[in-house]
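Each chain, letter by letter, is given below.
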Amino acid sequence: MRNQTRVGEFILLGITDVQGLQHFCFITFLLLYLTCLLGNGAIVTVVICEPRLHTAMYFFLGNLSCLDIFYSTVTVPKMLTGFLFGPQPISLGKCLAQLHFFHFLGSTEAVLLATMAYDRYVAICNPLRYALVMSPRTCLLLAGACWSTGFVHAMMHSVMTSQLSFCGHNHIHHFFCDIKPLLNLACSNTSLNMSLLNIVTPTIVLGPFTLTVLSYLYIISFVVQKVRSQKGRWKPFSTCASHLTVVALLYMPVLFNYAQPSSGSSLDRDVPVSLLYSAVTPVLNPLIYTLTNQEVTPVLKKMLWRKLLHERK
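All values derive from a computational prediction rather than experimental measurement.

1. With respect to the overall build of the protein
Within the protein, the regular secondary structure consists of 10 helices and 3 strands. Counting from the amino terminus, helix and strand elements in the protein follow one another as β-α-α-β-α-α-α-β-α-α-α-α-α. When burial is assessed residue by residue, the protein has 47% of its 313 residues classed as buried. Expressed as a percentage of contacts within the protein between residues at least 6 apart in sequence, the contacts between residues at least 24 apart total 80%. Element-wise, carbon and sulfur atoms account for 68% of the exposed surface of the protein, whose accessible area totals about 15,800 Å².

Written out as structure tokens, the structure is:
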């Protein structure tokens, strides 16, 4: 029977307790985090400062970059501290806050990627009505809906988790406070929490994913039926390549982690998968958009060149 002493603090055990590996992981993830801040920060700056990029596509890209900065910041700094100083204590309140913001930002990104797919559908299949359909007001409403959906979803999890009682051992075998390891530590009934995790969260993941797939099916159908030349067919797909890559990088690990029923045996699998979409994917997103996008790269080079010339003067 579990010790009924109430737990007010948890210990994040992190990824590894091997000292040599901890130093290597610290340097690796520190570089990844700094690259994330620099790359996504550069995209936000370019989108704001360059009038040519004041379009729906780049408005949503700016939102995505902001999300990636916040998303990594929720988990990575605490993980880096753990690599240097060992297992990290975290209060129940801070643990719930971390859980809330992780799922808030993650859910928002999933819905935002579906919105970006819809934007590409309108741009390719209804180019003459694009400016009317994706007006600044519509873009603001869509972005607001993305952020609101993520907030409500995360609030459901954080409120339900805050109602649980925690007793016994307080070691979390993870590098941040996620829902599954917290439910394993609860000494009260978690059936409602598990239902929320197994039904609502997969819906938040699979719903936007389905909309994204449908958008691209419509795009493929339109291009095959309406565009005759090989060059003309390639151009629409080239504009979608970066978005499709980002969708794959996010959804593959997230679907693996959350779109299947949760069980205690899945915790060992969750940590490396969580690392992918919380620390690695936010770094790759700006690289993908700058390397494959013919509009962002020249503007970024232009801004860097101006900066260098200004410093020389």
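Having seen the model, we can carry on.
2. Considerations on the packing of helix α2 (residues 56-85) against helix α5 (residues 136-162)
Where α2 contacts α5, the axes come no closer than 10 Å and their chain directions differ by 25 degrees. Comparing their axes, α5 and α2 come out roughly parallel. Relative to α5, the crossing made by α2 is right-handed. Residue-level inspection shows Ala 56, Phe 59, Phe 60, Asn 63, Leu 67 and Phe 70 of α2 in contact with α5, the latter providing Cys 139, Leu 140, Leu 142, Ala 143 and Trp 147. Considering only residue class, the contact of α2 with α5 consists of 10 nonpolar, 1 polar and no charged.

3. Observations concerning the state of the cysteines
A complete count under the given rule lists 2 disulfides for this structure. The disulfide partner of Cys 95 is Cys 177, and the gap between their sulfur atoms is 2.0 Å. What sets the handedness of the Cys 95 and Cys 177 disulfide is the S-S torsion sign, and at about -115 degrees it is left-handed. One end of the pair, Cys 95, is in helix α3 (residues 92-125); the other, Cys 177, is in the loop between β3 (171-172) and α6 (179-185), with 82 residues separating them in the sequence. Note on accessibility: Cys 95 and Cys 177 belong to one class, buried.

4. Digging into the pairing of strand β1 (residues 9-12)
Two faces, one strand: in a regular strand the side chains alternate between the faces of the sheet. For β1 and strand β2 (residues 88-91), the ladder comprises 4 bridges, and the chain directions are antiparallel. The residue of β2 that forms the bridge with Leu 12 is Gln 88. Bridge count for β1 against β3 is 2 bridges, and the pairing is parallel. Opposite Leu 12, over in β3, you have Ile 172 as the bridge partner.

5. What about the packing of α5 against helix α7 (residues 191-226)?
Look at α5 against α7: their axes get within 10 Å of each other, and the N-to-C directions meet at 170 degrees. Relative to α7, the element α5 lies roughly antiparallel. The crossing of α5 and α7 is left-handed. In contact with Thr 149, His 153, Met 156, His 157, Met 160 and Thr 161 of α5, α7 contributes Leu 192, Asn 193, Leu 196, Leu 197, Val 200, Thr 201 and Ile 204. Classifying every residue of the contact of α5 with α7 gives 7 nonpolar, 6 polar and no charged.

6. Focus on the sheet that holds β3
What the 3 strands build is an open sheet, ordered β2-β1-β3; its pairing is mixed. With partners counted over all chains shown, the strands left at the sheet margins are β2 and β3, one partner each. Against the sheet, α3 engages β1, β2 and β3, with an angle of about 90 degrees to β2.

7. Examining α5
Structural remark: α-helix, 3.6 residues per turn; residues separated by three or four positions point the same way. With 27 residues, α5 should reach 39 Å at 1.5 Å per residue; the first-to-last C-alpha distance of 38 Å fits that figure. Taken together, the buried positions of α5 are Cys 139, Ala 143, Cys 146, Gly 150, His 153, Ala 154, His 157, Ser 158 and Thr 161. The inward-facing, buried residues of α5 abut α2, α3, α6 and α7.

8. So, the nonpolar core
Within the largest apolar cluster, 53 residues are counted, with the highest numbers of intra-cluster contacts made by Phe 29, Phe 60, Leu 64 and Leu 113. For this core, the secondary structure elements donating two or more residues are α1 (19-49), α2, α3, α5, α8 (230-258), α9 (267-292) and α10 (296-312). In this structure, Phe 60 is in contact with Leu 112, Thr 115, Met 116, Asp 119, Met 134, Cys 139, Leu 142 and Ala 143, ignoring residues within four places of it in sequence. The next biggest cluster of nonpolar side chains, apart from the first, holds 16 residues, and it includes Leu 164, Ile 172, Cys 177 and Leu 182.

9. A few points about a nonpolar patch on the surface
A cluster of nonpolar residues, Leu 211, Val 213, Leu 214, Leu 217, Tyr 218, Ile 220, Val 224, Trp 234 and Phe 237, forms a patch on the protein surface that exposes about 880 Å² of accessible area. Broken down by secondary-structure element, the contributors of at least two residues to the nonpolar patch are α7 and α8. In terms of residue count, α7 provides more of the nonpolar patch than any other element does, 7 residues in total. With respect to the secondary-structure elements, Leu 211 resides in helix α7.

10. Describing the pattern of salt bridges
This structure, assessed with the given rule, holds 2 salt bridges. Here Arg 52 and Glu 50 are joined by a salt bridge, their closest N and O atoms 3.3 Å apart. The exposure class of Arg 52 is exposed, given its relative accessible area of 57%. A salt bridge links Arg 120 to Asp 119, with the nearest nitrogen and oxygen atoms 3.0 Å apart. Each member of the pair Arg 120 and Asp 119 is classed as buried.

About the cut-offs
Residues numbered from 1 in each chain as written. Predicted model: local features only at pLDDT ≥ 70, side-chain atom pairs only at ≥ 80, totals over all residues. Heavy atoms only, no water. Helix = DSSP H or I, 4+ residues; strand = E, 2+ residues; numbered from the N terminus. Buried < 20%, exposed > 50% of the residue type's maximum accessible area, 1.4 Å probe, protein only. Contact = heavy atoms within 4.5 Å. Areas by Shrake-Rupley, 256 points an atom, 1.4 Å probe, with all protein chains shown as cover. Axes fitted to C-alpha atoms, helices over the stretch in contact; angles between N-to-C directions. Parallel < 35°, antiparallel > 145°, perpendicular 65-115°, else oblique. Left-handed = near helix turned anticlockwise from the far one by under 90°. Nonpolar A, V, L, I, M, F, W, Y, C, P; charged D, E, K, R; others polar. Disulfide = S-S within 2.5 Å. Pairing = 2+ DSSP bridges. Expected span 1.5 Å × (residues − 1). Core = buried A, V, L, I, M, F, W, Y, C linked by side-chain atoms within 4.5 Å. Patch = residues over 30% accessible without salt bridge, like charges linked within 9 Å, V, L, I, M, F, W, Y side chains within 5 Å. Salt bridge = Lys/Arg side-chain N within 4 Å of Asp/Glu carboxyl O.

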